[in-house]
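# Understanding the architecture of this molecule
Each chain is listed here by its residues.
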Amino acid sequence: MVETERAVQGRELTGQSVEPSSDKILEIENLHTHFFTRDGLVRAVDGVSYSLNRRETLGVVGESGCGKSVTALSILRLIADPPGKIVDGSIRFEGKNLLDYSESAMQGIRGNEISMIFQEPMTSLNPVLTIGHQISEAIILHQGLSRKEAWNRAIEMLRLVHIPEAQLRVKEYPHQMSGGMRQRVMIAMALSCNPKVLLADEPTTALDVTIQAQILELMLEMQQKLGTAIILITHDLGVIAETAERVVVMYAGKKVEEAEVGELFGMPCHPYTRGLLDSMPRLDVAAEHPPGRVRLKEIEGMVPSLYNLPQGCLFAPRCPYATEQCHAEYPPMEEKRPGHLAACWHSDRLIGEGS
Amino acid sequence: MMEQAVQTQQSEARHPEAEPPLLEVIQLKKHFPIRKGILSRTVGFVYAVDGVDFHINQGETLGLVGESGCGKSTAGKTILKLIEPTAGQIKVRGKDITRLSKSDMRPYRREMQIIFQDPYSSLNPRMSAGGIVGEPLTIHKIASGKEKQDRVAALFGRVGLRPEHMAKYPHEFSGGQRQRIGIARALALNPNLIIGDEPVSALDVSIQAQVINLLIDLQEEYKLSYLFIAHDLAVVEHISHRIAVMYLGKIVELTDKQTLFTMPLHPYTEALLSAMPIPDPKVKRGKRVILTGDVPSPINPPSGCHFHTRCPYVMNRCKTEVPELREIVPGHWVSCHLHGDTPTWPLAKPAGA
């Protein structure tokens, strides 16, 4: 008990000592996570930088294989080595580089300071242990509570995430619960040690829309109550628009755009973001047109194979704006509008066209 | 004004005297028995599809939406008689096919094809792409040899694959390309009706748009009818002419898509629409309905209206009395006790209830 207090004090002290960046709780800089496979080198994350402010919800959006999940796993150092390896960059949590931590020091971070929820609640819960057991495990480990105290805390957490009859459900096994309930359990577990950062990797993708709405509302409510900063990883621009404050767009292992949410949707400066937005069927727009009349705007072609990336800008082969320069040279990440970063040679043309 | 428009649209679509619709489904039911113990005695039923009625006209897309477990996929498979229906009728151009034998079904199978959700598990990994697409032609003894090769090549071209892809195997293709192979296979027999069981749900957004556009183009070209089963309302709205909303084995609302979006008359539809995230941070929603609780089990569905356990407008009557699917406005079918002979809009409980 005394020890935890000391730890908390220490944490506050270090927080003060790095005053200039104290607003940023997590800073990823130039992160390179590569996989060395039999078929060749895969640059799953290739020079990604972004930061997360305290109490903020940052959306990370991109299609499958763009490296959004690998970035999150890299933060927790959960990349299987071999074949994966973080080859370059830094991940600063409260000013300290997590990549310098020993494995045992990392265990003090995982589930305690930074925790994660996954897409598939069934495969990330242990089927042979009661959910109470699984939630209290982390509490006993990190907070040093007794089994009994941890069990009571587990019940409290289940109540917090609005699971009815928590004192009964705590004794149940994962298979006895629905998908939405399991995801609530995952959230309860992730938040049980009051983490400062929550990494949510497609937390609602496996759920029905009505349940998705419940879970997103719950996550934001928890954020209000506990002050957790959230990185919300998803492919669903609708979820991003409704929950995130700032957005990072990723494509083929690189960050291509970053902006505040209204700015990004209002004036996308990267053709990939623009393409994604245009290719989504819109509920509010579709209803006004007879079917067949409005074709969705397509992004031509497909995501390049990570084994065999094109020269220059990775999006150039699919890009309607691409010029020779794009095929030759990767564009630098620049501030195109106030607070709006994009890596594209032709953002001016996009901005010129308007949204 | 609007009612009139809906009415003319409806009568235009139906050709009442001329000919029966391409597909008509009447009170279709599929109950799966639950067996237990060493004697495998039936101890109960899963009421997966529990009395579903709709029709689809030539060249029309009917969207079927609902959450997982509502019976929408079972409905699709039952219509193709991939699963034998428990009760009800399936009519193709007026002819009842519900009780046909396997061999009598064969000509109808040519007319009705299916595209599955998962492009990874619905293609035989040991057959080449060309073999997969050509197989229906062999089974139905339509073409063989060089003629078959030519037809398959033409199909590949039509769905946006290259002829040299024919010799490749499914694992060599991306998800979107595999779904194109599935579409080519469905098209091989020149069907009239294609049932799409979540055909774009497993695809990335940018690829999803390509496949949706392809489906729309093919519909216009071949006058295809689609039964488009999906959980994503935005996709369904985009592709469908009319939409049926399912909840726990029953259709709760069925109307054309404009009406469904602007004037949903079933509380469940209203909740579904309001739960769909809109990819535009500027859009401020009017009222947001977030349903509490989960979809109840279809093994033991709630009494009365199946939706009453989650409905924000629940009345006493809903707990005991099953609401019927009624045509409250011409062309707009709803099963809800909130509406009398005229619709109550916006949805609200009647005073005193």
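Right above here is the structure, for reference.
Okay, so let's go over this structure. (Residues numbered from 1 in each chain as written. Chains lettered and ligands numbered in written order. Predicted model: local features only at pLDDT ≥ 70, side-chain atom pairs only at ≥ 80, totals over all residues. Heavy atoms only, no water.)

## What about the nonpolar core?
Ranked by internal contacts, the top residues of the largest apolar core, which has 73 residues, are Ile181, Ile183, Leu187, Leu215, Phe228, Val245 and Tyr268 of chain B. Ranked by residue count, the leading element in this core is helix 7 (residues 205–222) of chain B, at eight residues. Excluding residues within four positions of it along the chain, Leu215 of chain B makes contact with Ile115, Ile183, Tyr226, Phe228 and Ile239 of chain B. With 35 residues, the next largest nonpolar core counts Leu158, Ala190, Leu207 and Met222 of chain A among its residues. (Core = buried A, V, L, I, M, F, W, Y, C linked by side-chain atoms within 4.5 Å. Buried < 20%, exposed > 50% of the residue type's maximum accessible area, 1.4 Å probe, protein only. Helix = DSSP H or I, 4+ residues; strand = E, 2+ residues; numbered from the N terminus. Contact = heavy atoms within 4.5 Å.)

## Quick word on a nonpolar patch on the surface
Side chains of Phe36, Leu41 and Val87 of chain A sit close together on the surface and give an oily, nonpolar patch of about 240 Å² of accessible area. Counting through the fold element by element, Phe36 of chain A comes out in strand 1 (residues 24–37). (Patch = residues over 30% accessible without salt bridge, like charges linked within 9 Å, V, L, I, M, F, W, Y side chains within 5 Å. Areas by Shrake-Rupley, 256 points an atom, 1.4 Å probe, with all protein chains shown as cover. Salt bridge = Lys/Arg side-chain N within 4 Å of Asp/Glu carboxyl O.)

## Concerning the packing of helix 5 (residues 131–143) of chain A against helix 8 (residues 179–191) of chain A
Residue and element names in this part refer to chain A. Packing of helix 5 against helix 8 brings their axes to within 8 Å, and their N-to-C directions diverge by 20 degrees. By the angle between their axes, helix 5 is roughly parallel relative to helix 8. The chirality of how helix 5 crosses helix 8 is right-handed. In this structure, helix 5 contributes Ile131, Gln134 and Ile135 to the contact, and helix 8 contributes Val185, Ala188 and Met189. Among the residues making up the contact of helix 5 with helix 8, the classes are represented as five nonpolar, one polar and no charged. (Axes fitted to C-alpha atoms, helices over the stretch in contact; angles between N-to-C directions. Parallel < 35°, antiparallel > 145°, perpendicular 65-115°, else oblique. Left-handed = near helix turned anticlockwise from the far one by under 90°. Nonpolar A, V, L, I, M, F, W, Y, C, P; charged D, E, K, R; others polar.)

## Some points on the interface of chain B and chain A
One frequent convention defines the size of an interface as the accessible area lost when the parts assemble. Taken together, the contact between chain B and chain A spans 46 residues of the former and 46 residues of the latter. Of the roughly 4,000 Å² buried between chain B and chain A on both sides combined, carbon and sulfur atoms contribute 60%. It is Val205, His238 and Pro279 of chain B in chain B that bury the most area against chain A; as a group they hold 16% of the surface buried on that side. Inspection of the region where chain B meets chain A yields two salt bridges. A salt bridge links Asp217 of chain B to Arg295 of chain A; the nearest nitrogen and oxygen atoms lie 2.5 Å apart. At the junction of chain B with chain A, the criterion picks out 13 residue pairs in polar contact (both at pLDDT 80 or more). (Buried area = accessible area lost by both parts, 1.4 Å probe. Polar contact = N/O pair within 3.5 Å; in protein donor to acceptor, adjacent residues only side chain to side chain.)

## Topic: unusual backbone geometry
Excluding glycine, residues mostly carry a negative phi; peptide bonds, for their part, are mostly trans. Residues and elements named next belong to chain A. The omega torsion of the bond from Asp81 to Pro82 falls at -5 degrees, within 30 degrees of zero and hence cis. Here Pro82 is to be found in the loop between helix 2 (68–75) and strand 4 (84–93). Unlike most non-glycine residues, Glu94 shows phi in positive territory, near 50 degrees. Its place among the elements puts Glu94 in the loop between strand 4 and strand 5 (96–97). Residue Glu202 is not a glycine yet carries a positive backbone phi of 50 degrees.

## Concerning helix 10 (residues 267–275) of chain B
The element helix 10 of chain B is extensively covered by neighbouring structure, given that nine of its nine residues are classed as buried. When helix 10 of chain B is considered as a whole, its buried residues turn out to be Pro267, Tyr268, Thr269, Glu270, Ala271, Leu272, Leu273, Ser274 and Ala275 of chain B.

## Structural notes on helix 5 of chain A
Residue and element names in this part refer to chain A. Helix length check: helix 5, at 13 residues, gives a terminal C-alpha distance of 18 Å against a target of 18 Å (1.5 Å per residue), a fit within 8%. Listed as buried for helix 5 are Ile131, Gly132, Gln134, Ile135, Ser136, Ala138, Ile139 and His142. Two residues or fewer past helix 5, Gly144 is found with a positive phi of approximately 65 degrees. (Expected span 1.5 Å × (residues − 1).)

## Focus on the side chain of Gln223 of chain A
Residues and elements named next belong to chain A. As for its position among the elements, Gln223 is in helix 9 (residues 209–226). Judged by its relative accessible area of 9%, Gln223 falls in the buried class. For Gln223, the side chain forms a polar contact with the main-chain oxygen of Arg55, separated by 3.4 Å. Engagement of the side chain of Gln223 in a polar contact is seen with the backbone oxygen of Thr228, the distance being 3.1 Å. Contacts of Gln223, omitting those with residues within four sequence positions, involve Arg55, Glu56, Thr57, Thr228, Ala229 and Ile230.

## Side note on the packing of aromatic side chains
If you walk through the whole model with that rule in mind, you get seven aromatic pairs over all chains. Note on Tyr247 of chain B and Tyr268 of chain B: the rings are 4.5 Å apart at their centroids and 55 degrees apart in plane angle, and the pair reads as tilted. With Tyr247 of chain B in strand 9 (residues 242–247) and Tyr268 of chain B in helix 10, this pair connects stretches of sequence that are 21 residues apart. Comparing Tyr247 of chain B with Tyr268 of chain B, the two get one shared label, buried. If you follow Lys254 of chain A out to its NZ or CZ, it ends over the ring of Tyr330 of chain A, 4.8 Å from the centre. (Phe/Tyr/Trp six-rings, centres within 6.5 Å; stacked < 30°, edge-to-face > 60°. Lys NZ or Arg CZ within 6 Å of the ring centre and 35° of its normal.)

## Things to note about the pairing of strand 10 (residues 250–256) of chain B
Looking along a regular strand, one sees the side chains alternate between the two faces of the sheet. All names here are of chain B. Among the seven residues that make up strand 10, six are buried, leaving the element largely enclosed by the rest of the structure. In the sheet, strand 9 pairs with strand 10 via six bridges, with the strands oriented antiparallel. Of the residues in strand 10, the one forming a bridge with Tyr247 is Lys250. Taking the residues that link successive antiparallel strands as the turn, the strand 9-strand 10 hairpin has two residues, and the phi of Leu248 there is positive, at about 45 degrees. By the bridge criterion, two bridges tie strand 10 to strand 12 (residues 332–334) in an arrangement that is antiparallel. The residue of strand 12 that forms the bridge with Leu254 is Trp333. (Pairing = 2+ DSSP bridges.)

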